[in-house]
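# Observations on the model geometry
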Amino acid sequence: MQLRQTKDNLPIRIGYHLARLHGSQELEGKYYGELKETIVLVFFNVNLIDNNRMCNTFTLKNEDGLSFVEESQDRMKLLTIEMAKLDVNKPLEEMNEQEKMIYY
């Protein structure tokens, strides 16, 4: 866990830990279909992703958005939650579903 508020190499570090965790599964002599799904959930207190969404899910896709594998076979996911995008002073009726989910 990193407690400093910095964007310093976060995407590189998170990608490294996702790959390391996924690759740590013991598969010697087993079928690759037995590979378990790896999900890394990251909470940020900085704005790192250039969009208005607080919650984002990343998978393996090409530059046009074409998935490398079928969604049902995708075994690696990165879920990000950018807490800095949450406006705690915004009235409930003005919050979108993501904001409501995180806030309440």
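In short, a report on the structure. In this text, all values refer to a predicted model and were calculated from it rather than measured experimentally. (Residues numbered from 1 in each chain as written. Predicted model: local features only at pLDDT ≥ 70, side-chain atom pairs only at ≥ 80, totals over all residues. Heavy atoms only, no water.)

## A few points about the pairing of strand 3 (residues 76-82)
- Judged by how many residues are buried, strand 3 sits mostly within the fold: 5 of 7 residues are covered.
- Two strands pair when backbone bridges link them, and strand 1 (residues 38-44) and strand 3 are joined in this way by 7 bridges, in the parallel orientation. Note that in strand 3 the partner of Phe44 across the bridge is Glu82.
- Summarising the sheet, strand 2 (residues 55-58) and strand 3 pair through 4 bridges and their orientation is antiparallel. (Buried < 20%, exposed > 50% of the residue type's maximum accessible area, 1.4 Å probe, protein only. Helix = DSSP H or I, 4+ residues; strand = E, 2+ residues; numbered from the N terminus. Pairing = 2+ DSSP bridges.)

## Comments concerning the pattern of salt bridges
- Using the criterion set out here, one finds 4 salt bridges in the structure.
- One salt bridge connects Lys85 with Glu82, and the closest N-O pair in it is separated by 2.7 Å.
- Linking Lys90 and Glu99 is a salt bridge whose minimum nitrogen-to-oxygen distance equals 3.1 Å.
- Lys90 sits in the partly exposed class, given a relative accessible area of 24%.
- The exposure class of Glu99 is buried, given its relative accessible area of 7%. (Salt bridge = Lys/Arg side-chain N within 4 Å of Asp/Glu carboxyl O.)

## So, the side chain of Thr38
- Along the polypeptide, Thr38 turns up in strand 1.
- Only 3.4 Å separates the side chain of Thr38 from the side chain of Gln25, close enough to count as a polar contact.
- Beyond its immediate chain neighbours, meaning those up to four positions away, Thr38 contacts Leu18, Leu21, His22, Gln25, Arg75, Met76 and Lys77. (Polar contact = N/O pair within 3.5 Å; in protein donor to acceptor, adjacent residues only side chain to side chain. Contact = heavy atoms within 4.5 Å.)

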